[in-house]
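Structure assessment
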Amino acid sequence: MEADVAQAHNEQEDGGMDAECLQVARTKMIQPTSLKDPKLEKLKEALVDWINRTLKEEHIVVRSLDEDLYDGLVLHHLLGRLADVHLPLEEIARSSSAQIRKLEAVMEELDKRLDQPHTKWDVSSIHKKNLLATLHLLVAMVRHFQPELKLPTGVKVQVALVEVSGKGIRSDVQTEVLTEESSDSENVSRTDGDANRVEQLLKMEAHKVALVKQGLLGFVNRSMAGLGLQVSDLDKQFSDGVILLLLIGQLEGFFIPLCDFSLTPVDHAQMLHNVSLALSLLTHLGLHVSIQAGDVVTQDVAATLKVLFALFNKHARQEEKMAAISI
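Residues numbered from 1 in each chain as written. Predicted model: local features only at pLDDT ≥ 70, side-chain atom pairs only at ≥ 80, totals over all residues. Heavy atoms only, no water.

Here we look at empty space enclosed by the protein
- Counted by the stated rule, this structure contains 2 cavities of 30 Å³ or more.
- Here the second largest cavity is characterised by a volume of approximately 30 Å³.
- Lining the second largest cavity we find Phe238, Leu244, Val296, Thr304, Val307 and Leu308.
- The element best represented in the lining of the second largest cavity is helix 16 (residues 301-326), accounting for 3 residues.
- When the residues that make up the lining of the second largest cavity are grouped by side-chain class, the tally is 5 nonpolar, 1 polar and no charged. (1 Å grid on protein atoms, 1.4 Å probe; cavity = no way out; pocket = protein on both sides within 12 Å on 5 of 7 lines; lining within 4 Å. Points joined across faces, edges and corners; volume = space filled by probe spheres on them. Helix = DSSP H or I, 4+ residues; strand = E, 2+ residues; numbered from the N terminus. Nonpolar A, V, L, I, M, F, W, Y, C, P; charged D, E, K, R; others polar.)

Written out as structure tokens, the structure is:
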């Protein structure tokens, strides 16, 4: 009997040890040699620039990806700007537990929208300032929300995979891909092509630019005819966002409630709100135009033309298809 009890006790202890051995903690870290890779530096610079341009109107400036994103504030604002999701969270989370709660709420919403497996990042790794996880998350956000944005291609890093378990510590070095090698099919999107055409257009002779503007003007006025409105100056009449919102509503067949925007804006803030709403609607419609709302408000011709080209290319193609069907 005593022998049976002793054997059972020993089996229990062995089982406890097996369970302990199964509890494995894995950590991935970029190798110091890879941190000096010029391609990685360019990727980090591109992501910092993207964040700062996206959050320019909110006066948020990021300098370090691993040091400035761990508390959830920047990701919270990016979620609001890119996905139009505004969570009722405290602006600044000071304690570690508050930061984790904020990250959990923000990343739950992000993970619903991102098209990649979420095994490359989690709340813990972001909060612990893990640069590898932070880079994977930001690249996925760019790919989803602004696919027209060109990131440095072919960025790979050497990663140390460290596993700690009851059996000891095991480490291995692997190569991890942050951005794929370039290919025409992946890097050229419709809106990216629109942006490039606008930049090329503005370098052309004045009379050629005028001809293109005249064509866009005709498209806009045909679309606005149902409202009895007419546009005569593309450079100036879109700066307050009103015509742009009405145009989007006409083209897409929906009504934007007047309480959602200012029909007669009198100051910069109201104009900015109108244009920001218009760009948010375009994003929801699948048109990712890489401009800032403030550029349209300040009558930046290139910014305005990029928006109009995106709308024109979408709906002009639809008109061509309908015409072909009717023939």
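Still to come is the rest of the account.
Remarks on helix 3 (residues 38-54)
- Taking 1.5 Å as the rise per residue, helix 3 with 17 residues should run 24 Å; its terminal C-alpha atoms sit 24 Å apart, in good agreement.
- Listed in full, the buried residues belonging to helix 3 are Leu40, Leu43, Leu47, Val48, Trp50, Ile51 and Thr54. End-on view of helix 3: buried residues confined to an arc of 160 degrees, all on one side of the axis. Residues of helix 3 that are exposed and point over 90 degrees away from its buried face: Pro38, Lys42 and Glu45. (Expected span 1.5 Å × (residues − 1). Buried < 20%, exposed > 50% of the residue type's maximum accessible area, 1.4 Å probe, protein only. Arc of directions from axis to C-beta.)

Let's talk about unusual backbone geometry
- In this structure, His59 is a non-glycine residue whose phi angle is positive, near 55 degrees.
- Among the secondary structure elements, His59 is positioned in the loop between helix 3 and helix 4 (65-68).
- Judged by relative accessible area, which is 73%, His59 ranks as exposed.
- With phi around 65 degrees, Gln299 is a residue other than glycine that occupies positive phi space.
- Tracing the backbone through its elements, the reader meets Gln299 in the loop between helix 15 (293-297) and helix 16.
- Accessibility expressed as a relative area gives 35% for Gln299, which makes it partly exposed.

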